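# An overview of the molecular structure
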Amino acid sequence: MSPRLEWRVATLAGVRQETPTALTLLLDVPGWPGHVPGQHVDVRLTDEDGYSTQRSYSLAAPADGDRVELTVQRVKGGEVSEYLTDTFSVGDPVELRGPVGGWFVWHPSRTAPVLLVAGGSGIVPLMAMIRARRQARSRAPFRLIHSVRSPSDQYYASELRRATRDEGGLDIATVYTRSAPTGSARPPRRIGPADLELYGWPPQFEPTCYVCGPTGFVEKVANTLVGLGHDPRRIRTERFGPTGD
Amino acid sequence: MTQEYQDGNALAGPLAELFAVDVTAATGRCVSCGDTRRVADLRVYGHALGWVARCPSCEHVMLRLVRAPDAAWIDLQGTLSLRVPLPPA
């Protein structure tokens, strides 16, 4: 049983720019109860007239005491994401509740192979799993396939480069949909069966597959994985809608 | 139907206000087509204060949730049954 869910006041302690349109917010949340990688929080904004709105954001890293990290992709016209990326400043408060969600999660005690497939900012909850794996010194075999439009849209690029070098059993592939780095053998195109076969695990390894991204991306990848022979019961999905907000 | 939906993972917070277990990990059976689906996999339209969750197979409404300042309404007439995973008793 989880303790009763309540709104807490979080304070912005710092910001990291991840891509031209995405920021990681470092938030201090007094009394934070901890969380499992893959879980998310609801963020609520209320204006002076009492109008209030909320959105759900994935936690980007394992908890560090009262400090949590959210990576927020700025969405044009997204009333919550525009505030969080344009206006919200260090020292400002925001209401937050969580952690919530017990389905799209990875427990560091699991040893089965894991395939992570992310479209754009869908990498956020998967990054929490990769970071938790490192923190727990897990040996679970991990593969990440990240689909991004162009090289400038890569999230956590330097950290992921270090991780593939230093952490045994973690492989990372980036596939580009609009423009690839010069010299890439693969022309820019949407992710397809060949990418999932080449960079994923064979279905016989019985990996747990986590797929996160825009709705269309998730539908396509999940269906392709099933077509390749993966058991639908081992495919976990999280969709954030076409706008991501 | 349009593609303007999220999935049932977005209901984890609103449902956690009402239930002591994580309902998004439960499996629901659709009244209309009989398919069983994780609540996390339902198609969720709308957000903040009013949500409609539809069956991914047939688009029938399986769950409606409205959060007013002092109460919540939940309508499950589109859900025949819910199987909720629990730790061993």
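See the structure printed just above.
Structure report, in brief. All figures in this text were calculated on a predicted structure; none of them were measured in a lab. (Residues numbered from 1 in each chain as written. Chains lettered and ligands numbered in written order. Predicted model: local features only at pLDDT ≥ 70, side-chain atom pairs only at ≥ 80, totals over all residues. Heavy atoms only, no water.)

Judged by side-chain polarity, L18, F19, I74, L76, L82, V84 and L86 of chain B come together as a nonpolar surface patch covering roughly 540 Å² of accessible area. Here V84 of chain B lies in the segment after β8 (79-83). (Patch = residues over 30% accessible without salt bridge, like charges linked within 9 Å, V, L, I, M, F, W, Y side chains within 5 Å. Areas by Shrake-Rupley, 256 points an atom, 1.4 Å probe, with all protein chains shown as cover. Salt bridge = Lys/Arg side-chain N within 4 Å of Asp/Glu carboxyl O. Helix = DSSP H or I, 4+ residues; strand = E, 2+ residues; numbered from the N terminus.)

For the rest of this paragraph, the subject is the side chain of S58 of chain A. Residue and element names in this part refer to chain A. Mapped onto the fold, S58 is located in strand β4 (residues 52-58). A distance of 3.4 Å separates polar atoms of two side chains, one belonging to S58 and the other to E238. Ignoring any residue separated from it by four or fewer positions in sequence, one finds S58 in contact with Q39, H40, E69, L70, T71, V124, P125 and E238. (Polar contact = N/O pair within 3.5 Å; in protein donor to acceptor, adjacent residues only side chain to side chain. Contact = heavy atoms within 4.5 Å.)

Take the sheet that holds strand β6 (residues 61-68) of chain B next. All names here are of chain B. In spatial order, the strands read β1-β4-β5-β6-β7; together these 5 strands make up an open sheet with antiparallel pairing. Single-partner strands in this sheet number two, and they are β1 (6-7) and β7 (71-75). As paired strands, strand β5 (residues 50-54) and β6 are joined by 5 bridges and run antiparallel to one another. Along β6, the bridge assignment pairs A53 with L63. (Pairing = 2+ DSSP bridges.)

It is worth spelling out the nonpolar core at this point. Residue and element names in this part refer to chain A. Core analysis: the largest hydrophobic core is formed by 25 residues, its most contacted members being W106, L116, L126, M129, F142, Y156 and Y210. Taken together, the elements giving at least two residues each to this core come down to β7 (114-119), α2 (123-135), β8 (142-148), α3 (157-166) and β10 (208-213). Counting residues per element, this core draws most heavily on α2, which supplies 7 residues. Once residues lying within four places of it in the same chain are set aside, the contact partners of W106 are V36, P37, V114, M129, A132, R133, S138, A140, F142 and Y210. (Core = buried A, V, L, I, M, F, W, Y, C linked by side-chain atoms within 4.5 Å. Buried < 20%, exposed > 50% of the residue type's maximum accessible area, 1.4 Å probe, protein only.)

Let's shift gears to the pairing of β6 of chain B. Regular strands place side chains that alternate from one sheet face to the opposite one. Residue and element names in this part refer to chain B. Hairpin geometry of β5 and β6 is characterised by an intervening segment of 6 residues between the two adjacent antiparallel strands and by a positive phi of about 70° at E59. Where β6 meets β7, 5 bridges bridge the pair, whose relative direction is antiparallel. Bridge pairing links R67 to A72 in β7. Taking the residues that link successive antiparallel strands as the turn, the β6-β7 hairpin has 2 residues.

With that settled, consider the side chain of R131 of chain A. Residue and element names in this part refer to chain A. With respect to the helices and strands, R131 occurs in helix α2. Reaching out from R131, the side chain makes a polar contact with the backbone oxygen of A60 at a distance of 3.0 Å. Those residues in contact with R131 that sit more than four places away from it in its chain are R16, A60, A61, P62, E69, Y156 and E159.

Below, the discussion takes up helix α5 (residues 215-227) of chain A. Residues and elements named next belong to chain A. Along its 13 residues, α5 runs 18 Å from first to last C-alpha, staying within 8% of the 18 Å computed at 1.5 Å per residue. Considered for burial, the residues of α5 that qualify are T215, F217, V218, V221, A222, T224 and L225. At its buried positions, α5 is contacted by β7, β8, α4 (193-199), β10 and β11 (235-239). The first or second residue beyond α5 is G229, which carries a positive phi of 110°. (Expected span 1.5 Å × (residues − 1).)

Now for α2 of chain A. All names here are of chain A. Taking 1.5 Å per residue, 13 residues should reach 18 Å; α2 reaches 18 Å between its end C-alpha atoms and fits that length. Burial analysis of α2 places 11 of its 13 residues in the buried class, which makes it a mostly covered element. Buried within α2 we find I123, V124, P125, L126, M127, A128, M129, I130, R131, A132 and R133. The first or second residue beyond α2 is R137, which carries a positive phi of 50°.

What follows covers the packing of aromatic side chains. All names here are of chain A. Considering all chains together, one arrives at 6 aromatic pairs over all chains under this definition. Ring centres of Y83 and F88 lie 5.9 Å apart, and the angle between their planes is 40°; this geometry places the pair in the tilted category. When its relative accessible area of 6% is taken as the criterion, F88 is described as buried. Seen from their ring centres, W201 and F205 are 6.0 Å apart, and the 35° between their planes marks the pair as tilted. One Lys or Arg, R133, reaches over the ring of F142 and ends 5.3 Å from the middle of that ring. (Phe/Tyr/Trp six-rings, centres within 6.5 Å; stacked < 30°, edge-to-face > 60°. Lys NZ or Arg CZ within 6 Å of the ring centre and 35° of its normal.)

Right, let's get into the interface of chain A and chain B. Taken together, the contact pairs 24 residues of chain A with 22 residues of chain B. Interface area for chain A against chain B, summed over the two sides, is near 1900 Å², with a carbon-plus-sulfur share of 51%. The tally of links from chain A across to chain B stands at 3 salt bridges. Run the count over chain A and chain B and you get 8 residue pairs in polar contact (both at pLDDT 80 or more). Looking at the side of chain A that touches chain B, its residues break down into 7 nonpolar, 10 polar and 7 charged. (Buried area = accessible area lost by both parts, 1.4 Å probe. Nonpolar A, V, L, I, M, F, W, Y, C, P; charged D, E, K, R; others polar.)

Next up on the list: the pairing of β5 of chain B. Residues and elements named next belong to chain B. Residues W51 and A53 of β5 are buried on one face, while the alternating residues G50, V52 and R54, pointing to the opposite face, are not. In this sheet, β5 lies alongside strand β4 (residues 43-45) in antiparallel orientation, the contact comprising 3 bridges. The residue of β5 that forms the bridge with R43 is R54. Counting the residues that bridge the hairpin from β4 to β5 gives 4 residues, and of these G46 lies at a positive phi of roughly 85°.

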